[in-house]
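# Tertiary structure, described
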There are 2 protein chains.
Amino acid sequence: MVARQRQRSFWTWGFREDEPNEDVRQRAAKSASNRLGREVKPPVIPSIESIQLRDSRISIPSRLQSFVMDDQFDRVVHTHGGHVLELLQAIRGEFPYPPDAVAHPSSDQELEELLEWCNRDRIKVVPYGGGTSVVWGVNPPADAERVVTVDTDRLNQILEVDEVSRAAKFQAGILGPDLEAELKPLDLTLRHYPQSFPWSTVGGWIATRSGGHYATNHTHIDDFVESTRMITPSGWFESRRLPGSGAGPSPDRLVLGSEGTLGIITEAWLRLQVRPKYRASASVFFDDWYQGTRAVRTLVQTKLFPANLRILDPAEATLAAGVQTNQALLIIGFESADVPQNHQMNTMVEMVRDLGGQVNDEDVVISDGSGKATGRKGSVGQWRNSFIGVNAGAQLGLGLLSDTFETATTWDNWEHFDRQVRTKVGGTLKRVLGNGSSLSCRFTHVYPDGPAPYYTFSGIVPIGHEVEAWQEIKNTANEVIIDNGGTITHHHAVGRLHKSAWEAQRPELFGSMLKGAKASVDPQGLMNPGVLIGD
Amino acid sequence: MVARQRQRSFWTWGFREDEPNEDVRQRAAKSASNRLGREVKPPVIPSIESIQLRDSRISIPSRLQSFVMDDQFDRVVHTHGGHVLELLQAIRGEFPYPPDAVAHPSSDQELEELLEWCNRDRIKVVPYGGGTSVVWGVNPPADAERVVTVDTDRLNQILEVDEVSRAAKFQAGILGPDLEAELKPLDLTLRHYPQSFPWSTVGGWIATRSGGHYATNHTHIDDFVESTRMITPSGWFESRRLPGSGAGPSPDRLVLGSEGTLGIITEAWLRLQVRPKYRASASVFFDDWYQGTRAVRTLVQTKLFPANLRILDPAEATLAAGVQTNQALLIIGFESADVPQNHQMNTMVEMVRDLGGQVNDEDVVISDGSGKATGRKGSVGQWRNSFIGVNAGAQLGLGLLSDTFETATTWDNWEHFDRQVRTKVGGTLKRVLGNGSSLSCRFTHVYPDGPAPYYTFSGIVPIGHEVEAWQEIKNTANEVIIDNGGTITHHHAVGRLHKSAWEAQRPELFGSMLKGAKASVDPQGLMNPGVLIGD
């Protein structure tokens, strides 16, 4: 096995050290027991050695054996992504479709040799960043004859920092915290914090068009990409580093969202920020959810571009931020490396009060320029802590089912859309998970022309029936989103999970064009088959 | 001929009414005579009737004759785009490659019938918006057997306005002033003003990724596109209207910049603004060009997102804004529909003074919220007037040659890049146009990671030798841009003019992918051959 500092967990997001310990699991079981009205115990996590895997169907050429592995550990860890049903399969020891081998290339030469081998032997290739995909985007396909998963964990360096233009060249496999740690001494930051931040990679963010820190203006990783480098079965693809261009369709925009179907992203130049010094945050309460979302619309349309402008419906405000008043909670945040943010914040607080928002003066926190974070206390702080790096592992297999789905739609459609989701998905939830089920919503990102709503559901499920229950709910959610003009994903990606809904959403001819584009670089259809493009 | 309100000019950008009159032409000739030191007269503009055209090589099916024309006027007008060499050809009566017919479809049905006919008879199709292309993007290709130009002038309506989301659905052929006139009573505006604004179209902007009003943050039309609709030889392509999405590569981003090679863009939803009510502008002088551009870098990196942040080098400041002090001129502008801009402007003025900029207090103009424009007086006003709707027609054929080229590059590269341009292009200019030639630069758009410099050159050329002289200069410019890391175009598009330089710039495999995508919707290669993609 390739030496690595931290071992990935095979049943939670992240590393062994991120796994919930026995104490945490016991507490989760106790809490679940209370909710269920009967005692449940934390399921026994199988040992890696005890997991039954089919035999590897390939033999690794000797010259590749220094970085291509077929040991039990690597194959187990790379069987599943990060979706709740996959984690559930994992703790139950179900690993039906493991990769036949796992590659850990660390150089251009190794990448070239690897793809040459896969090309020649028609081995399918699944690119793998942090393994946090919640859309079944990193699994070996069930019907593939032979599969190599390519983990970018050894491509984990910052290759160059350009402090003048504020950009850096990253290898694709670098993890969020590692890149931030390296940028910090330079007073620079990427400030891209998807929920998977501690365990996901630059390459994964680009491949899936991840959504990040900024709630307005520059929301997706797309907005930070200066150039990309990718190896395809037909060779290297490398775009020129540019701040802006109008030269034909953008090469990077075809790589962004390609989800490993065109090649393995190996490097990218990304735009950086100077670390914020001036900050301001405020929390605002609304008695009515739609009154709140209408206020958000007005605020985002003024284009003051706050870094944070996220509203939680009353249910979500209770769950995630401890709000006990059945009110919607709006969190506003401004930040800047250069200019004090009190003027912007005061302007927005005045606006939001005019729009019916309730703001306590002590909930408006404006920093003194020391760089100290605001918004780490009260409801805002509680919300923040419930957001990044949350690990679902503790609740697995306890008879509770929870998952999320997210979308975006225009403002004119929003309230109708939300009512449809609540009626239809709410109806299915009640039927499948019973009266105690819950459905809540927050906006993760907002645009002048519409919000990106993010729904969370949960409820009680008979142990052993999680998959069917989940599928029924998911079907309703997909249908409501597609029928009511939303996008099947704002930042979770398509993968295998959303493929049919995506096909219903996108222009049919765009599907043909993508297939045409793919065929030109991957004529044998080796790259991540079953995801996004292809049959 | 199809009735239209305004007849297009065949030798200037725009309409007959935009042609410089005899008085203007005489004055231009007198000014040229002074510069040349000998008398030149305005060339005689040929009458349309006198222009020799090859016979049309197609016969228009009778059912299409209501909107497909092959009269002299339409064929003459659609032979050339808007590049200075084309206009020069036009006034000289040179129309070697006219389209065989010109279509003016006004409905989906007509578009479908048209493409069905072209498909069946293998007729090449050149989409045509406002005809202002400066990159030879709308010409019938010299080697095509049969060509129909498709003018979108009858697709000129706003189909729907969504005031809640601030967006509207435009037909592709609507012109800038027409759409603004229709939005004005609703207090809305697109605020996209490429230099061709009076004569160019929504469809053309999308096809070419035009650059607009905003100097920072949202610069290209790309940033305003919610969805697109396009007819291809394989049928309709229509993307879903969304404020944001992460579902696969963006369909719209493949349409943006496709320059008519995939299909004819027929409609688009674009994001709108409420008309600005609060404005502020300032002019700043710098003794040194690079001191000025370094200040611009610092200003744009603070992310206050001014609407205007354009710097002119001393030569350009003299030519375009009447500055007589051999200083660089920076123009700063803020605008908002909702919030006063004095704070932003005062913050930036303070910053720019710290950076060595000279600002007279009376050159900082902050509006009272009446919506009245600031920045229409002094150097800023003069610059503004020299920018939009300038028509090169008056100077044609007088023994003067002028043209522009534009690019974008990262800040770390900028000063070296600019020096290379000045040395190499300047050298060629001196050799080809003599000592009196000039080369100047301004930034049209700026990004946190780099500027978009725009160069203008002019000089004296022997009448009749314009093409060779121009080609020699252009070759040097292309070479300098490509060799020094720039993009061959920031917002002028690729067309036939920049095709080989674009091929040198883009990832080779991206070319293959685009060809693959094109082949899937245009298997016979009918759409705008020779532009961007293809041989």
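Our subject is the structure that appears above.
Description of the structure in this document. Being a predicted model, the structure only gives us computed values, none of them experimental.

Thresholds applied
Residues numbered from 1 in each chain as written. Chains lettered and ligands numbered in written order. Predicted model: local features only at pLDDT ≥ 70, side-chain atom pairs only at ≥ 80, totals over all residues. Heavy atoms only, no water. Helix = DSSP H or I, 4+ residues; strand = E, 2+ residues; numbered from the N terminus. Rg over C-alpha atoms; globule rule 2.2 N^0.38 Å. Buried < 20%, exposed > 50% of the residue type's maximum accessible area, 1.4 Å probe, protein only. Contact = heavy atoms within 4.5 Å. Areas by Shrake-Rupley, 256 points an atom, 1.4 Å probe, with all protein chains shown as cover. Lys, Arg positive; Asp, Glu negative; His and termini not counted. Charge placed at Lys NZ, Arg CZ, Asp CG, Glu CD. Phe/Tyr/Trp six-rings, centres within 6.5 Å; stacked < 30°, edge-to-face > 60°. Pairing = 2+ DSSP bridges. Axes fitted to C-alpha atoms, helices over the stretch in contact; angles between N-to-C directions. Least-squares fit on C-alpha atoms with pLDDT ≥ 70 in both. Salt bridge = Lys/Arg side-chain N within 4 Å of Asp/Glu carboxyl O. Parallel < 35°, antiparallel > 145°, perpendicular 65-115°, else oblique. Left-handed = near helix turned anticlockwise from the far one by under 90°. Nonpolar A, V, L, I, M, F, W, Y, C, P; charged D, E, K, R; others polar. Expected span 1.5 Å × (residues − 1). Buried area = accessible area lost by both parts, 1.4 Å probe. Polar contact = N/O pair within 3.5 Å; in protein donor to acceptor, adjacent residues only side chain to side chain.

The next thing to look at is the overall build of chain A. A tally of regular secondary structure across chain A gives 15 helices and 18 strands. A compact globule built from 535 residues would reach a C-alpha radius of gyration of about 24 Å, and chain A, at 23 Å, matches this within 12%. The proportion of buried residues among the 535 residues of chain A is 65%. The contacts in chain A between residues at least 6 apart in sequence include a share of 73% that link residues at least 24 apart. As displayed, chain A has an accessible area near 19,000 Å², and 46% of this comes from carbon and sulfur atoms. For chain A, the distance from the average site of its 54 positive side-chain charges to the average site of its 65 negative ones is 2 Å.

Taken as a whole and judged by the stated rule, the model has 27 aromatic pairs over all chains. With 5.1 Å between their ring centres and 75 degrees between their planes, Phe305 of chain A and Phe305 of chain B make a pair best called edge-to-face. In this pair, Phe305 of chain A sits in the loop between helix 8 (289-301) and strand 13 (308-312) while Phe305 of chain B sits in the loop between helix 8 (289-301) and strand 13 (308-312), so the two residues belong to two different chains. The interplanar angle of 20 degrees and the centroid separation of 5.1 Å between the aromatic rings of Phe405 of chain B and Tyr455 of chain B together place this pair among those described as stacked. Within this pair, whereas Phe405 of chain B is found in strand 16 (residues 400-406), its partner Tyr455 of chain B is found in strand 18 (residues 450-460), the two being separated by 50 residues in sequence. On the basis of relative accessibility, which here comes to 0%, the residue Tyr455 of chain B falls in the buried class.

Let's shift gears to the sheet that holds strand 10 (residues 264-271) of chain B. Residue and element names in this part refer to chain B. Strand order across the open sheet formed by five strands is 5-6-10-8-9, with antiparallel pairing between neighbours. On the outer flanks of this sheet lie strand 5 (158-162) and strand 9 (235-238), each paired with one strand and no other. With strand direction ignored, the average angle separating the axes of adjacent strands in the sheet is 10 degrees. Bridging between strand 8 (residues 225-232) and strand 9 involves four bridges; their strand directions are antiparallel. By the bridge assignment for strand 9, Met230 is matched with Phe237.

Glancing now at the relation of the copies chain A and chain B. Screw-axis analysis of chain A against chain B gives a translation of 0.0 Å along the axis, an RMSD of 0.0 Å, and a rotation angle of 180 degrees. Here the symmetry operator amounts to a two-fold rotation axis. Of all interface residues in chain A, 100% are interface residues in chain B too; the two copies therefore contact each other through one and the same surface.

Now for the pattern of salt bridges. Tallied over the entire structure, the rule returns 55 salt bridges over all chains. Between Arg241 of chain A and Asp162 of chain A there is a salt bridge, with its nearest N and O atoms 2.7 Å apart. Taken together, the positions of Arg241 of chain A in the loop between strand 9 (235-238) and helix 7 (251-255) and Asp162 of chain A in strand 5 (residues 158-162) put the pair 79 residues apart, joining distant regions of the chain. Classification of Arg241 of chain A as buried rests on a relative accessible area of 14%. Where Arg16 of chain B meets Glu19 of chain B, a salt bridge forms, and the shortest distance between an N and an O atom there is 3.6 Å.

Not every positive phi belongs to a glycine, and Asp187 of chain A is a case in point at roughly 65 degrees. In this fold, Asp187 of chain A is placed in the loop between helix 5 (176-183) and strand 7 (188-189). The exposure class assigned to Asp187 of chain A is partly exposed, which follows from its relative accessible area of 40%. The phi dihedral of Phe305 of chain B is positive, around 50 degrees, even though this residue is not glycine.

Residues and elements named next belong to chain A. Taken N-terminus to C-terminus, the directions of helix 12 (residues 411-433) and helix 13 (residues 466-483) make an angle of 165 degrees; their axes are 9 Å apart at the nearest point. Taken together, helix 12 and helix 13 sit at an angle that is classed as roughly antiparallel. Where helix 12 crosses over helix 13, the handedness of that crossing is right-handed. Contacts from Phe417, Gln420, Val421, Lys424, Val425, Thr428, Leu429, Arg431, Val432 and Leu433 of helix 12 reach helix 13 at Ala469, Glu472, Ile473, Thr476, Ala477, Val480 and Ile481. Split by residue class, the contact of helix 12 with helix 13 holds 11 nonpolar, three polar and three charged.

Below, the discussion takes up helix 4 (residues 108-121) of chain A. Given a rise of 1.5 Å per residue, 14 residues ought to cover 20 Å, and the 20 Å separating the end C-alpha atoms of helix 4 of chain A matches this to within 8%. Arg122 of chain A occupies a position one or two residues after helix 4 of chain A and carries a positive phi of about 50 degrees.

This part takes up the side chain of Thr476 of chain B. Residues and elements named next belong to chain B. Topologically, Thr476 is positioned in helix 13 (residues 466-483). Using a relative accessible area of 16% as the deciding quantity, one classes Thr476 as buried. Excluding its chain neighbours within four sequence positions, the residues that come into contact with Thr476 are Lys424, Val425 and Thr428.

Further remarks concern the pairing of strand 13 of chain A. Residues and elements named next belong to chain A. With respect to burial, strand 13 is a largely interior element, five of its five residues being buried. Residues Asn308, Arg310 and Leu312 of strand 13 are buried on one face, and the alternating residues Leu309 and Ile311, pointing to the opposite face, are buried as well. By the bridge criterion, five bridges tie strand 13 to strand 14 (residues 328-336) in an arrangement that is antiparallel. The residue of strand 14 that forms the bridge with Leu309 is Ile332.

This part is about the pairing of strand 3 (residues 124-128) of chain A. All names here are of chain A. For strand 3, the buried fraction is high: four of the five residues fall into the buried class. Bridge count between strand 3 and strand 4 (residues 147-151): five bridges; the pairing is parallel. Of the residues in strand 4, the one forming a bridge with Val125 is Val148.

Another aspect to go through is the interface of chain A and chain B. With 85 residues of chain A at the interface, the matching set in chain B holds 85 residues. Summed over both partners, the interface of chain A with chain B comes to about 6,600 Å²; 60% of that surface belongs to carbon and sulfur atoms. For the chain A face of the interface with chain B, the top three residues by lost area are Arg240, Pro249 and Met513 of chain A, together amounting to 11%. Inspection of the chain A/chain B interface yields four salt bridges. In this structure, Asp449 of chain B and Arg271 of chain A form a salt bridge, with 2.7 Å as the shortest nitrogen-oxygen distance. Scanning the region where chain A abuts chain B turns up 35 residue pairs in polar contact (both at pLDDT 80 or more). Here the side of chain A that touches chain B is built from residues that sort into 36 nonpolar, 34 polar and 15 charged.

What follows covers helix 13 of chain A. What sets the pattern is the α-helix's 3.6 residues per turn: residues three or four places apart point alike. Residue and element names in this part refer to chain A. Given a rise of 1.5 Å per residue, 18 residues ought to cover 26 Å, and the 26 Å separating the end C-alpha atoms of helix 13 matches this to within 8%. All buried positions along helix 13 are accounted for by Glu466, Ala469, Trp470, Ile473, Lys474, Thr476, Ala477, Asn478, Val480, Ile481 and Ile482. At its buried positions, helix 13 is contacted by helix 3 (84-91), strand 16 (400-406), helix 12, strand 18 (450-460) and helix 14 (499-505). Two residues or fewer past helix 13, Gly485 is found with a positive phi of approximately 85 degrees.

This brings us to the sheet that holds strand 9 of chain A. Residue and element names in this part refer to chain A. Judged by pairing direction, the sheet is antiparallel, and its five strands sit side by side in the order 5-6-10-8-9 without closing on themselves. Each of the sheet's edge strands pairs with one partner strand only, and the pair in question is strand 5 and strand 9. On average, adjacent strands in this sheet sit at an angle of 10 degrees to one another, irrespective of strand direction. Both strand 6 (residues 167-171) and strand 10 (residues 264-271) contribute to a ladder of five bridges, which runs antiparallel. Paired with Phe170 across the two strands is Ala268, which belongs to strand 10. Contacting strand 8 (225-232), strand 9 and strand 10, helix 4 runs over the sheet at an angle of about 45 degrees to strand 8.

This paragraph deals with the environment of Gln358 of chain B. Residue and element names in this part refer to chain B. Tracing the sequence through the fold places Gln358 in the loop between helix 10 (342-354) and strand 15 (364-366). A residue is classified by how much of its surface remains accessible, and Gln358, at 34% relative accessible area, is partly exposed. Each C-alpha atom, one on Gln358 and one on Leu329, is 9.6 Å from the other, the two residues being 29 residues apart in sequence. Here the side chain of Gln358 touches Gln327 through a polar contact of 3.0 Å, side chain to side chain.

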